[in-house]
Amino acid sequence: MTDLTLAPNLDNPDDIYEDLLNAHDGLSPEESASLNARLILVLANHIGDREILRQAIRAARPPDP
């Protein structure tokens, strides 16, 4: 069972995608990876629930071959 909202839930997903892309403008691959890691930690802190985060990790992983 999951408590995650996996159905589309963004008002303007294209705008959010653009914001994410723009945040990486001018960054090296290492800086971009670091930005992603920091963003994940900021959002994880905002969620604040370890079980929800575990569900999100499982949902984001690629399927086993």
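Everything quoted here is computed from the prediction, not taken from an experiment.

## Brief notes about the pattern of salt bridges
Inference 1: Throughout the structure, instances matching the rule amount to one salt bridge.
Inference 2: For the salt bridge of Arg-58 with Glu-51, the shortest nitrogen-to-oxygen distance reads 3.3 Å.
Inference 3: Taking the relative accessible area as the measure of exposure, Glu-51 reaches 36% and is therefore partly exposed.

## Considerations on a negative patch on the surface
Inference 1: Together, Asp-14, Asp-15, Glu-18 and Asp-19 give the surface a local cluster of negative charge.
Inference 2: Looking at the secondary structure, you find Asp-15 in helix 1 (residues 13-23).
Inference 3: Judged by relative accessible area, Asp-15 falls into the partly exposed class, the value being 41%.

Calculation rules
- Residues numbered from 1 in each chain as written.
- Predicted model: local features only at pLDDT ≥ 70, side-chain atom pairs only at ≥ 80, totals over all residues.
- Heavy atoms only, no water.
- Salt bridge = Lys/Arg side-chain N within 4 Å of Asp/Glu carboxyl O.
- Buried < 20%, exposed > 50% of the residue type's maximum accessible area, 1.4 Å probe, protein only.
- Patch = residues over 30% accessible without salt bridge, like charges linked within 9 Å, V, L, I, M, F, W, Y side chains within 5 Å.
- Areas by Shrake-Rupley, 256 points an atom, 1.4 Å probe, with all protein chains shown as cover.
- Lys, Arg positive; Asp, Glu negative; His and termini not counted.
- Charge placed at Lys NZ, Arg CZ, Asp CG, Glu CD.
- Helix = DSSP H or I, 4+ residues; strand = E, 2+ residues; numbered from the N terminus.

Such coordinate-based values are descriptive only and should not be taken to indicate function.
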